[in-house]
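# Chains, contacts and geometry: an overview
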Amino acid sequence: YYKDSHYICKDIFKKNFHIIKFIIEYMSQHVAVLLLGSNIGIKENNIKLALAKLETAGCEILFTTNILESIPVEFDSSNNFCNIATSITVFISPFQLLQLVKKIELDMGRNQDSMALGKYTDRIIDIDIVTYSNITFHAKRLKIPHFKHLNERGFSKKLLIELEDLNKKHNL
């Protein structure tokens, strides 16, 4: 009986190795970098509330940059943005983190998704996942790293450099 059980378990493990590896990998701790922005209402308070909601959901905030004001990118608006970058630790997968940030955006009153609309608009809160550990991943709803923030947007680059300096200063 033991010998048969051993082979059955070994066979199940072999056939499901990629699933088991995925579960083990994503149940460990990961560091993610997020960019948060707001251009409606009391912008600084919107960002602070979003950070508090991340913490309530189990994310540990490691470091947060100073607020940087920027003009809207890829759409016209008279409302400038307040932006920050933050590094967090999580024990959830990138997709679960995406679901979490989308839920926070919705809970805070953001009712339009830029990807669904096909255009950018003013928003009470915007939370983008820029990096997630050393993972490179591309799907329709989630691209890691977030290349626009890493390469194209000046305000993002400034915030990410400030965050990198904070991480280096504290050996992360």
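Residues numbered from 1 in each chain as written. Predicted model: local features only at pLDDT ≥ 70, side-chain atom pairs only at ≥ 80, totals over all residues. Heavy atoms only, no water.

Turning our attention to the nonpolar core. Side chains of a nonpolar character, in soluble globular proteins, are inclined to be buried together. Among the nonpolar cores identified, the biggest contains 26 residues, and L34, L54, I88, L97 and I127 are the most heavily contacted of them. Looking at this core, the elements that each hand over two or more residues are β1 (30–38), α3 (43–56), β4 (81–90), α4 (94–107) and β5 (126–132). Here this core gets five residues from one element, more than from any other, and that element is α4. Counting nine residues, the second largest nonpolar core, distinct from the first, contains F63, A85, V130 and L163. (Core = buried A, V, L, I, M, F, W, Y, C linked by side-chain atoms within 4.5 Å. Buried < 20%, exposed > 50% of the residue type's maximum accessible area, 1.4 Å probe, protein only. Helix = DSSP H or I, 4+ residues; strand = E, 2+ residues; numbered from the N terminus.)

Moving on: the side chain of E105. Tracing the chain through its elements places E105 in helix α4. Taking relative accessible area as the criterion, E105 reaches 3% and is therefore assigned buried.

Each pair of packed helices can be described by the angle between their axes along with the distance between the axes. It is the contact of α3 with α4, at a shortest axis distance of 10 Å, that shows an interaxial angle of 135 degrees. When the interaxial angle is binned, α3 and α4 end up oblique. Once α3 is placed against α4, the crossing between them reads as right-handed. The segment α3 lies against α4, with A50, K53 and L54 engaging L100, V101, I104 and D107. Looking at the contact of α3 with α4 residue by residue, the class counts come to five nonpolar, no polar and two charged. (Axes fitted to C-alpha atoms, helices over the stretch in contact; angles between N-to-C directions. Parallel < 35°, antiparallel > 145°, perpendicular 65-115°, else oblique. Left-handed = near helix turned anticlockwise from the far one by under 90°. Contact = heavy atoms within 4.5 Å. Nonpolar A, V, L, I, M, F, W, Y, C, P; charged D, E, K, R; others polar.)

Moving on, we come to α4. Helical geometry: 3.6 residues make up each α-helical turn, so side chains three or four residues apart lie on a common side. The end-to-end C-alpha distance of α4, which contains 14 residues, comes to 20 Å, matching closely the 20 Å that a straight helix rising 1.5 Å per residue would cover. G109 sits one or two residues past α4 and shows a positive phi near 110 degrees. (Expected span 1.5 Å × (residues − 1).)

A word on the environment of F137. With respect to the element layout, F137 can be found in strand β6 (residues 137–138). Each C-alpha atom of the pair F137 and P94 lies 9.1 Å from the other, and the pair is 43 residues apart in sequence. Residues in contact with F137, not counting those within four places in the same chain, are F95, L142, K143 and I144.

The full count for this structure, using the stated rule, is six salt bridges. Here R110 makes a salt bridge to E105, at a shortest N to O gap of 3.4 Å. According to the relative accessible area criterion, R110 is buried, its value standing at 9%. In this structure, K168 engages E164 in a salt bridge whose closest nitrogen and oxygen atoms are separated by 3.4 Å. Taken together, the positions of K168 and E164, both in helix α7 (residues 154–169) and four residues apart, correspond to about one turn of that helix. With relative accessibility at 54%, the residue K168 sits in the exposed group. Note on E164: relative accessible area 41%, which makes it partly exposed. Ionic contacts of the salt-bridge type, sharing partners, join the residues K102, E105, R110, R123 and D126 into one network. (Salt bridge = Lys/Arg side-chain N within 4 Å of Asp/Glu carboxyl O.)

Across the junction of I144 and P145, the peptide omega takes the value -5 degrees, indicating a cis bond. The residue S133 is not glycine, and still its phi comes out positive at about 50 degrees. Residue S133 is classed as partly exposed on the basis of its relative accessible area, which comes to 29%.

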